[in-house]
Every structure is written in structure tokens, then in C-alpha cells.
Amino acid sequence: MNKRIILLLFLFPFLVNAQTDVLVLKKRGMEVRTYTVGSELTMRTIYNQWFQGNITNMRNDSIFLNGLPFHYKEIAGIRRTHLNFGNTMVPSFMMVVGAGSFVLGAVNGLYRKDDAKDWYTTYGLISGGVLLVGGYLLTKTRVKTYRIGGKFTLDYLVIGGGPSSGPGSPDKRRPGGSAQ
């Protein structure tokens with residue numbers, strides 16, 4: 001019984017594909033993000049079309065996004081959506097409080113029958129403005145778009161041997177010849 005288990009453990013690596021190709025997004029040569037099979041990707045093509053989905057397969061310098069093949073050179077941009085409490089709920093709350101302070105100042109001024117120039121204090125104007133602008137700026141951290149070209153590059157790394165590599169494949173060094 002133990003011999004069968006040991007034999008299975010030795011044969012298991014030959015029965016499965018453990019490594020797939022990798023798509024690497026780099027900024028000035030440094031890795032920013034990697035994408036493999038199963039990764040979610042939102043991309044803009046060179047034809048100015050946006051596609052979103054999961055990478056279902058990667059082979060021969062092609063990425064299959066929900067079954068649709070794209071050559072990695074056709075990707076002109078990648079969008080990353082980063083949603084968390086700090087850039088979804090907090091900015092909305094900040095903008096509501098900032099606008100509320102302006103509305104509250106106006107309502108109080110009307111109620112007290114003050115002149116319009118006396119409705120707001122300097123502190124109220126500064127704090128309301130900072131809350132509005134700060135909340136707006138935090139909403140801009142939700143989405144980051146990387147434009148390919150210039151400082152951002154996209155590299156396709158072949159990790160597992162593909163159909164064009166291995167014994168019996170044409171030799172790239174010899175024009176039209178096979179490896180002999």
C-alpha cells in the first residue's frame with residue numbers, strides 16, 4: 001500500500017500543469033502587478049475597446065479573457081479597481097458632512113435673519129471646503145489606469161514549455177532548420 005502512495009507522489013507532478021505563463025506589468029523595469037490564469041483583468045485594447053473578465057488561458061503570447069483571445073501587444077492599458085472602506089464609504093461621508101456644514105450655515109443664517117455675509121465663519125468655510133475636496137480626492141483613488149508605453153510596459157513570460165518549445169521544435173538560431 002505504501003509503495004503505491006509513494007509511486008503516486010512521484011508521478012503526480014507529471015500529471016498536472018503546475019505552472020502557467022505570466023503577464024507582468026512593469027513600471028520602469030520594476031514589477032507592479034502579475035496576471036496568470038484565473039486573474040481578473042480589465043483592459044483597453046489598441047482599438048480603444050474596454051474588456052473585463054477573468055483570464056481563462058494563456059498560450060503562444062495570447063491571453064484568453066473569458067474565452068476571447070488577445071495578443072498581449074494589443075493591450076494598450078490596464079485598469080485596476082481598488083475598493084475598500086477607505087475609498088468608498090469615507091469619501092462619501094466626508095462630502096456629505098462638508099456639504100451639510102454649508103447647508104447648516106445657510107439654514108441657521110436664514111433662521112436668525114442674519115445678512116448673507118454673516119452666515120458662515122472662517123472655520124466653517126475652511127472645514128467644509130476641506131471635507132468636500134478631500135472626499136472628492138479620495139474617490140479618485142478607487143480606479144488606477146496604467147497606460148502601456150512610456151514608463152509602463154507589459155511583458156509576457158513563458159514559464160511552462162509551450163507547443164513551440166522543447167525537443168523536435170524548429171531551432172530559432174538556424175533559419176528554417178531543425179535542431180540537429
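Placed above this text is the structure.
Figured I'd write up the structure that's included with this text. (Residues numbered from 1 in each chain as written. Predicted model: local features only at pLDDT ≥ 70, side-chain atom pairs only at ≥ 80, totals over all residues. Heavy atoms only, no water.)

## Quick word on the sheet that holds strand β3 (residues 40–45)
Part 1 of the argument: A sheet is described by the order of its strands in space; here six strands give the open sequence β6-β5-β4-β3-β7-β8, paired in antiparallel fashion. Of all strands in the sheet, those bounded by a partner on one side alone are β6 (68–71) and β8 (143–147). Adjacent strand axes in the sheet meet at a mean angle of 45 degrees, parallel and antiparallel pairs treated alike.
Part 2 of the argument: Pairing between β3 and strand β7 (residues 75–81): four bridges, direction antiparallel. Residue pairing across strands places T42 opposite R79, the latter belonging to β7. (Pairing = 2+ DSSP bridges. Helix = DSSP H or I, 4+ residues; strand = E, 2+ residues; numbered from the N terminus. Axes fitted to C-alpha atoms, helices over the stretch in contact; angles between N-to-C directions.)

## As for the layout of surface pockets
Part 1 of the argument: In this structure, the second largest pocket encloses a volume near 190 Å³.
Part 2 of the argument: Lining the second largest pocket are R33, Y35, E40, L41, T42, Q52, R79, R80 and T81.
Part 3 of the argument: Looking at the lining of the second largest pocket, the elements that each hand over two or more residues are β2 (30–35), β3 and β7.
Part 4 of the argument: A per-class count over the lining of the second largest pocket returns two nonpolar, three polar and four charged. (1 Å grid on protein atoms, 1.4 Å probe; cavity = no way out; pocket = protein on both sides within 12 Å on 5 of 7 lines; lining within 4 Å. Points joined across faces, edges and corners; volume = space filled by probe spheres on them. Nonpolar A, V, L, I, M, F, W, Y, C, P; charged D, E, K, R; others polar.)

## Concerning helix α2 (residues 85–112)
Each α-helix turn comprises 3.6 residues. Residues three or four places apart therefore point the same way.
Part 1 of the argument: Look at α2: 39 Å from first C-alpha to last across 28 residues, which is about the 40 Å you get at 1.5 Å a residue.
Part 2 of the argument: Of the positions making up α2, those classed as buried are N87, P91, M94, G98, G105, A106 and G109.
Part 3 of the argument: In this structure, the buried side of α2 is in contact with α3 (122–139).
Part 4 of the argument: Looking one or two residues beyond α2, the residue adopting positive phi is K113, at roughly 60 degrees. (Expected span 1.5 Å × (residues − 1). Buried < 20%, exposed > 50% of the residue type's maximum accessible area, 1.4 Å probe, protein only. Contact = heavy atoms within 4.5 Å.)

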